[in-house]
Structures are given as structure tokens and as C-alpha cells.
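The lines below spell out each chain.
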Amino acid sequence: MEQRHLGRTGLRVSRIGLGTMTWGRDTDEHEAAEQLKEFLDAGGTLVDTADVYADGGAEYLLSRLVEDLVPRSELVIATKAGSVPHADRRFDASRGHLLAALDASLQRLGTDYVDLWQVHAYDPATPTEETLHALDLAVSSGRARYVGVSNFSGWQLAKAATLQRAVPGRTPVAATQMEYSLLQRNIEREVLPAALDLGVGLLASSPLGRGVLTGKYRHGVPQDSRGASPYLSGFVQPYLDERGRRIVDAVATAADGLASSPLKVALAWVRDRPGVAAALVGARTSAQLRAALSVEALTLPEEIRGALDDVSAPVHRYPDQDWSEL
């Protein structure tokens with residue numbers, strides 16, 4: 001699998017990353033082991049997790065598998081901190097919380113360091129400078145090799161990255177993790193231009209439109225799908241509208257013309273967009289992951305890429321980047 005630099009850093013990551021949001025909850029240890037084996041056999045290196053995935057269970061499960069399947073040094077482990085399960089506060093990016101969360105993550109992961117540590121979301125209740133100081137301390141103490149952010153808007157990303165670049169010795173923001181797919185291109189308004197300008201690599205989550213771009217929902221909601229899950233149906237529902245159907249139909253048509261699958265067409269589109277360092281794929285089964293990893297052999301022809309660009313194009317209204325409508 002092709003390896004790419006993460007933004008303007010020396011860290012190289014596989015251009016398809018393995019997401020672990022379901023590990024420890026919907027994916028048990030046996031299935032997780034099969035997924036990790038498939039991923040490693042395909043040449044994958046980047047595994048993304050978070051301290052809130054299965055309340056820490058995903059990190060713990062990963063730690064149980066790493067040394068048995070692959071040396072720690074050959075894996076790029078990325079985790080996140082900052083989400084909190086409090087009714088009155090969704091995110092806590094204070095220095096105290098972040099550093100305590102990092103220590104807890106390292107203990108669950110069974111490692112002395114993570115390759116990439118990310119702030120899970122912007123916290124308006126904490127000064128940005130305080131949050132960034134926690135990132136600097138994580139790197140200077142050896143607990144993290146690189147740092148990034150996740151779910152930051154364009155101005156939030158630009159502020160964080162610029163502050164880190166303004167002072168010599170501060171740790172640059174290496175990555176931003178955002179949802180990005182043919183069904184969700186809103187980051188092209190401000191976030192992606194900011195990332196490209198500042199040399200921040202994009203980790204694209206949900207590149208298959210939360211599973212909708214595989215085509216599995218074209219004729220209803222399968223009983224074993226996320227759309228039928230009592231706690232994930234709301235995650236899928238926003239993309240089951242008329243616009244979503246048009247885009248999915250276009251992807252299916254392109255797949256037929258290429259003798260490929262909608263999954264591979266949609267994933268290849270995201271993987272090769274400007275600024276994308278890696279597309280993160282989470283799978284319920286190893287068979288699903290194997291199908292996604294086979295995208296490595298597919299490069300979309302320009303004509304098909306252009307057609308998909310057109311059918312999924314977001315409307316940019318003033319004052320969005322490159323706005324065309326008032």
C-alpha cells in the first residue's frame with residue numbers, strides 16, 4: 001500500500017487507515033484480530049482510535065493484538081482525547097484533562113507513546129493557547145510523536161496551526177481529522193483550503209458516507225446494517241435523502257462502467273482528493289475490510305472523477321471559499 005507524508009511532516013502513513021470506532025462494542029477481539037491481520041497483509045500502517053471508543057475498550061483491544069501480530073514500531077497508532085460524557089459539557093480540551101486522558105490512553109494501549117495524538121473537537125470553554133500547550137507538553141515529554149486536531153472548523157484550524165507555527169520550538173499541527181466523502185463535502189468550503197495552505201494533512205473519516213455509498217441502502221435498510229441499529233440509525237439517516245440517492249446512483253453507474261464496486265469507487269474518490277493523507281475505513285467484519293482494502297488497485301479515470309465531482313458538488317454561498325451564490 002502506498003505510504004504518504006502526513007502534511008508537511010516526516011511521518012508517513014498508509015493512504016488507507018484502519019478505524020476502530022466499533023472495536024470493543026460491535027467488534028469483538030476475534031474479529032478485530034482478523035481485521036488487523038487483513039490490514040497488515042495489505043501493507044497498512046495507520047490505525048486510528050480514541051479514548052471514548054467503547055469507553056476505552058477499543059484502545060485496550062488494540063493493545064492486546066499489537067505485539068502478537070506486529071512489532072509496535074511498525075504501526076502508526078493515532079488516538080484522540082477531549083470528548084467527555086457529561087450532560088453539560090461535550091468536550092474538555094483543558095490542559096489538565098487532555099494530559100490525564102493521554103496518560104490513560106497510553107496505559108490502555110500498553111505503549112510509551114502514540115505516533116499521532118489528536119484533540120477530538122474544539123472546546124470553546126478553554127483558551128486555544130491552553131489546549132495547544134498540552135500538545136507541546138505531550139511531544140516534549142515523549143508521549144506523542146506528532147499532534148493534530150479533529151472536527152475543527154476552518155478558522156479554528158487556521159488559528160491553532162498558525163499559533164503553533166508562529167513561535168519557534170512549538171509543535172506543528174500535523175493533521176486534521178474530518179468527515180469527508182461524496183456525500184459530505186462541506187470541508188471544501190474552509191477547512192480543506194486552510195489545511196492545504198498551512199501544510200496540515202487531512203485524515204478523512206467516514207469516506208463511504210457512513211456506509212451509504214456502498215449502495216447497501218438503495219433498496220431499503222438491511223437488518224444487519226448501521227441504519228437498522230437503535231443507536232446508529234440516526235448516524236446514517238441524514239444521507240438517505242433525495243440528494244444522497246442521486247449521488248449513490250451515480251457511484252453505482254460508475255462502478256458498473258469500471259467493472260468495480262460502489263465501495264471502491266467512492267473510496268478511491270476520497271483517497272485521491274487534494275490534501276488527503278489517508279482515508280480511514282472502519283468495518284464491522286474482516287470481509288468488509290478486505291473489500292475496502294482492494295481499492296489499492298483502482299485509480300478513477302478523469303472523466304468519471306469529473307462526473308462524480310459534478311453530481312456531488314456542494315453549493316458555496318457567500319462568504320464561503322470560492323463562493324458562487326449569494
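Rules of the game
- Residues numbered from 1 in each chain as written.
- Predicted model: local features only at pLDDT ≥ 70, side-chain atom pairs only at ≥ 80, totals over all residues.
- Heavy atoms only, no water.
- Helix = DSSP H or I, 4+ residues; strand = E, 2+ residues; numbered from the N terminus.
- Buried < 20%, exposed > 50% of the residue type's maximum accessible area, 1.4 Å probe, protein only.
- Contact = heavy atoms within 4.5 Å.
- Areas by Shrake-Rupley, 256 points an atom, 1.4 Å probe, with all protein chains shown as cover.
- Lys, Arg positive; Asp, Glu negative; His and termini not counted.
- Charge placed at Lys NZ, Arg CZ, Asp CG, Glu CD.
- Phe/Tyr/Trp six-rings, centres within 6.5 Å; stacked < 30°, edge-to-face > 60°.
- Lys NZ or Arg CZ within 6 Å of the ring centre and 35° of its normal.
- Pairing = 2+ DSSP bridges.
- Axes fitted to C-alpha atoms, helices over the stretch in contact; angles between N-to-C directions.
- Salt bridge = Lys/Arg side-chain N within 4 Å of Asp/Glu carboxyl O.
- Patch = residues over 30% accessible without salt bridge, like charges linked within 9 Å, V, L, I, M, F, W, Y side chains within 5 Å.
- 1 Å grid on protein atoms, 1.4 Å probe; cavity = no way out; pocket = protein on both sides within 12 Å on 5 of 7 lines; lining within 4 Å.
- Points joined across faces, edges and corners; volume = space filled by probe spheres on them.
- Nonpolar A, V, L, I, M, F, W, Y, C, P; charged D, E, K, R; others polar.
- Core = buried A, V, L, I, M, F, W, Y, C linked by side-chain atoms within 4.5 Å.

Draft legend 1. Main features of the overall build of the protein. Check the secondary structure of the protein and you find 11 helices and 12 strands. Seen through its principal axes, the protein has C-alpha atoms that stretch 50 × 50 × 40 Å. Across the 326 residues in the protein, those meeting the buried criterion constitute 53%. Sequence separation of at least 24 residues holds for 77% of the intrachain contacts in the protein that already meet a minimum separation of 6. With the model as given, the accessible surface of the protein reaches about 14200 Å², and the carbon-plus-sulfur share is 51%. Positive and negative side-chain charges of the protein, numbering 34 and 42 respectively, have mean locations separated by a distance of 2 Å.

Draft legend 2. Looking closely at the packing of aromatic side chains. Counting across every chain of the model gives four aromatic pairs. By the ring-pair criterion, three or more aromatic residues cluster together here, those being Tyr122, Phe152 and Trp155. The ring of Tyr113 carries Arg72 above its face, with NZ or CZ at 4.2 Å from the centroid. Against the face of Tyr113 rests Arg145, its NZ or CZ located 3.7 Å from the ring centre.

Draft legend 3. A look at the sheet that holds strand β4 (residues 46-48). Overall, parallel pairing links the eight strands, which are arranged β3-β4-β5-β8-β9-β10-β11-β12 in a closed barrel. When strand polarity is set aside, the average angle formed by the axes of neighbouring strands in this sheet is 30 degrees. Relative to strand β11 (residues 201-205), strand β10 (residues 173-179) runs parallel, the two sharing five bridges. Residue pairing for β11: Ala175 is matched across the bridge by Gly201.

Draft legend 4. Inspection of the pattern of salt bridges at higher detail. Counted by the stated rule, this structure contains 26 salt bridges. The shortest N-O distance in the salt bridge between Arg15 and Glu296 comes to 3.1 Å. Of the two residues, Arg15 sits in the loop between β2 (12-14) and β3 (16-19) while Glu296 sits in the loop between α10 (286-293) and α11 (302-312), which places them 281 residues apart along the sequence. Given the relative accessible area of 8%, Arg15 is considered buried. Ionic pairing is found between Asp26 and Arg25, a salt bridge with its closest N-O pair at 3.4 Å. When salt bridges with common partners are traced through the structure, they connect Glu2, Arg4, Arg15, Arg271, Asp272, Glu296 and Arg305 into a single cluster.

Draft legend 5. Molecular detail of a nonpolar patch on the surface. A cluster of nonpolar residues, Tyr318, Trp323 and Leu326, forms a patch on the protein surface that exposes about 420 Å² of accessible area. The residue Leu326 is located in the segment after α11 in this model. Residue classification places Leu326 among the exposed residues on the basis of a relative accessible area of 81%.

Draft legend 6. Representation of the layout of surface pockets within the structure. If you add up the space inside the second largest pocket, you get close to 490 Å³. Val52, Ser83, Val84, Arg90 and His120 are, among the 16 residues lining the second largest pocket, the residues nearest its centre. Examining the composition of the lining of the second largest pocket, we find that four residues originate from one element, helix α3 (residues 95-109), more than from any other. Here the lining of the second largest pocket is composed, by residue class, of seven nonpolar, five polar and four charged.

Draft legend 7. View of the nonpolar core. Of all hydrophobic cores here, the largest spans 86 residues; its most connected members are Trp23, Leu36, Trp117, Leu157 and Tyr180. Ranked by the residues each element gives to this core, the list is headed by helix α9 (residues 262-271), at seven residues. Judged by nonpolar contacts, the second largest core, of 13 residues, contains Leu11, Val13, Leu116 and Ala277.

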